[in-house]
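This is what each chain is made of:
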Amino acid sequence: MSNEIKNICCIGAGYVGGPTMSVIADKCSKINVNVVDKNSERIALWNSQNLESLPIYEPGLDKIIERCRGENLTFSTKIQENISSADIIFISVNTPTKTKGIGAGQASDLKWVEACAREVAKFANGHTIVVEKSTLPVKTAEVIKNILEASQPNSNERKKTFAVLSNPEFLSEGSAIRDLEEPDRVLIGGENNDAIMALSNIYRNWIPKEKILHTNIWSSELSKLTANAFLAQRISSINSISALCESTGADVREVSRAIGLDSRIGSKFLDSGPGFGGSCFKKDILNLVYLSRFFDLHAVADFWEGVVKLNTWHQHRLSKLIIQNLFGTISGKKICVLGFAFKANTNDTRESASINICKDLLEEGAFLSIHDPKVSEEQIQKDLKIESLKSNINSNEIVDFFNFEGKWIYENSIYKAVESSDAVVVLTEWEEYTKINWEAVSKTMRKPSWIFDARSILDKKQIIKNDLFLWRIGDGNK
Ligand code: NAD
Ligand code: UGA
């Protein structure tokens, strides 16, 4: 069998499929990379002439799309056609937590992966390498293999053959292109040596050999869940310490620095914040919890479940703190929320801490003005499940906020969002929030005015100097 790959098909044009395939196309000019998705609206956005309309925002992605789209990179809904012509197929579809049935609330819903496997089984030709790019529970490769193997054509037709590999993705949103261009490692799990070499050779176009790891397929699947669980665990650990810092007079930034200099601990992923968000940490840990319970490893399950519980507790802790500092009531008060994305440099809001915190504040009767440089009003509306007051209402003219209890407005301008508010809450670490002119802000806020810096990105001195009260995550210096 030849190891040479000419045609790639990726099923799923999402936060992983889109950037991953764009980088492969950019680095491998001789390979045709075809990304397919059943969502025609999403595909239309991937094909938009205006690169600002791409369905996901990732620094550097637009330049790659400009270079490769229409050359060796396509986005389409032609699923059948592209499966048929592919030498290798990446399954990069969503694997959210199940909402009903056995394992609801913990296990991953594999219906989209299974649907893909069935489509591949039906339309593939000759020999095809099938790669799990989605994050999957351990042993999913077996399910995929079973579906593929059950698909053999009648005896007079040419036999189809498949090799299944696991190749989990470790990119982070907001730095996806850099992560893909210079990954810490590429992990390939599987048994079929030819298939492993064929996939490795694609990555070898830009990644050094020593960074491409080969493992058995189950280790590869489990490593992905474990990596996310360890990263999320660090955030829950430091967030738990931030609460202790606030009670004891310690400062979490100093603690992070002091422990991070220990080379065994390391300095990354020690920034206390409003709690981890994103589509994967919670989902992948819950998956690990489900798997552990399935194998009767309840102590293991409880250990990891604690990471998620701490995160939820921490988010509500922040909401309570805001309310307490505003004299125990926020009913009829205007609070400006800066940042709705789950982290900076992405327009993704999945599991964003902003969702829980905004919901808490709205429930307590606050009127919120929400700003985010990349998240749309429609997206926030979907997440909060409350319609916004339409943007044509001038929130500065709304003198009596009691008429707007539990309502919110979307603002494009930070300074407009802040006007007349009792408090500003920074929930996403967008760089533009670090450049706010606090002197100007202070003049337009209602007094006493509070700034809640849940990301610890603001200039403390500037805020205090301008007659504003500051609460900072993990800052026990009263
Ligand atoms: P996503 O929801 O953004 O994209 C998935 C896409 O798959 C959607 O556009 C959907 O329409 C499409 N799809 C679903 N079923 C299909 C089918 N049968 N045929 C064609 N298209 C289909 O998801 P995502 O964030 O890209 O995540 C994909 C997988 O990658 C998940 O398993 C996730 O855990 C994993 N992952 C995500 C990230 C991340 O940063 N988002 C990082 C690493 C791994
Ligand atoms: C994470 C992992 O970092 C990726 O390796 C993995 O591929 C991906 O999940 C996935 O499987 O989906 P991502 O969720 O995009 O990537 O972003 P992270 O940078 O990990 O941040 C996750 C959350 O933790 C964010 O809400 C972020 O603000 C928060 N965080 C991160 C902190 O609160 N403190 C930190 O020190 C780091």
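Predicted, not measured: the structure shown is a model, and the values here were computed from it.

Caption draft 1: Representation of the overall build of the protein in the model. For the protein, the helix and strand inventory stands at 17 helices and 14 strands. Compactness check: the protein gives a C-alpha radius of gyration of 24 Å against a globular reference of 23 Å for 478 residues, within 12% of the reference. Buried residues in the protein amount to 54% of all 478 residues. Partitioning the contacts of the protein with sequence separation of at least 6, the portion at a separation of at least 24 is 73%. A distance of 2 Å separates the average location of the 58 positive side-chain charges in the protein from that of its 61 negative side-chain charges.

Caption draft 2: Structural detail: the packing of aromatic side chains. What the rule picks out here adds up to 11 aromatic pairs. Aromatic side chains W450 and F469 sit 5.2 Å apart centroid to centroid with 25 degrees between the ring planes, which places their arrangement in the stacked category. In this pair, W450 sits in strand β13 (residues 450-453) while F469 sits in strand β14 (residues 469-472), placing the two residues 19 residues apart along the sequence. Taking relative accessible area as the criterion, W450 reaches 14% and is therefore assigned buried. Note on F452 and W471: the rings are 6.3 Å apart at their centroids and 45 degrees apart in plane angle, and the pair reads as tilted. Of the two residues, F452 is situated in strand β13 and W471 in strand β14; the sequence distance between them amounts to 19 residues. With respect to class, F452 is no different from W471; both count as buried. The rings of W450, F452, F469 and W471 are connected pair by pair, giving a single aromatic cluster. If you follow R185 out to its NZ or CZ, it ends over the ring of F170, 3.6 Å from the centre. Across the ring face of Y57, the terminal group of K374 is positioned such that the distance to the ring centre comes to 4.3 Å.

Caption draft 3: Structural detail: the pattern of salt bridges. Tallied over the full model, the rule gives 21 salt bridges. D422 is the salt-bridge partner of R446, the closest N and O atoms lying 2.8 Å from each other. Of this pair, R446 sits in the loop between α16 (438-444) and β13 while D422 is found in the loop between α15 (414-418) and β12 (423-426), placing the two residues 24 residues apart along the sequence. Owing to a relative accessible area of 42%, R446 belongs among the partly exposed residues under this scheme. With a relative accessible area of 5%, D422 lands in the buried category. As a salt-bridge pair, K443 and E439 come within 3.9 Å of each other at their nearest N and O atoms. Highlighted residues: K443 and E439, both in helix α16, separated by 4 residues, approximately one helical turn.

Caption draft 4: Focus on the site of ligand 2. Around ligand 2, a shell composed of 19 residues is seen, among which F170, L171, E173, D271 and C280 lie nearest. L270 has a polar backbone atom sitting 3.4 Å from an oxygen atom of ligand 2. One of the side-chain nitrogen or oxygen atoms of R455 is found 2.8 Å away from an oxygen atom of ligand 2. Its free accessible area being 710 Å², ligand 2 has 90% of it covered by the protein chains. It is helix α9 (residues 217-248) that provides the largest number of residues to the shell around ligand 2, a total of 4 residues.

Caption draft 5: Summary view of the pairing of strand β5 (residues 127-132). Burial runs high along β5: 5 of the 6 residues are buried. Where strand β4 (residues 88-91) meets β5, 4 bridges bridge the pair, whose relative direction is parallel. Bridge pairing in β5 links I91 to E132. The parallel pair β4 and β5, bridged by helix α5 (residues 111-123), forms a crossover whose chirality is right-handed. In terms of strand pairing, β5 meets strand β6 (residues 161-166) through 6 bridges, oriented parallel. Across the sheet, T128 pairs through a bridge with F162, a residue of β6.

Caption draft 6: Local environment of the sheet that holds β13. Here we have 6 strands laid out as an open sheet, ordered β11-β10-β9-β12-β13-β14, and parallel in their pairing. The sheet is open, and its two edges are formed by β11 (408-410) and β14, each paired on a single side. Within this sheet the neighbouring strands show an average axis-to-axis angle of 20 degrees, counted without direction. On top of the sheet, helix α14 (residues 377-384) reaches β10 (367-371) and β11; it is set at about 155 degrees to β11, its chief contact.

So, how was this worked out
Residues numbered from 1 in each chain as written. Chains lettered and ligands numbered in written order. Predicted model: local features only at pLDDT ≥ 70, side-chain atom pairs only at ≥ 80, totals over all residues. Heavy atoms only, no water. Helix = DSSP H or I, 4+ residues; strand = E, 2+ residues; numbered from the N terminus. Rg over C-alpha atoms; globule rule 2.2 N^0.38 Å. Buried < 20%, exposed > 50% of the residue type's maximum accessible area, 1.4 Å probe, protein only. Contact = heavy atoms within 4.5 Å. Lys, Arg positive; Asp, Glu negative; His and termini not counted. Charge placed at Lys NZ, Arg CZ, Asp CG, Glu CD. Phe/Tyr/Trp six-rings, centres within 6.5 Å; stacked < 30°, edge-to-face > 60°. Lys NZ or Arg CZ within 6 Å of the ring centre and 35° of its normal. Salt bridge = Lys/Arg side-chain N within 4 Å of Asp/Glu carboxyl O. Near = heavy atom within 4 Å. Polar contact = N/O pair within 3.5 Å; in protein donor to acceptor, adjacent residues only side chain to side chain. Areas by Shrake-Rupley, 256 points an atom, 1.4 Å probe, with all protein chains shown as cover. Pairing = 2+ DSSP bridges. Right-handed = clockwise from strand over helix to strand, strands pointing away. Axes fitted to C-alpha atoms, helices over the stretch in contact; angles between N-to-C directions.

Purely geometric stuff here, so don't read any function into it on its own.
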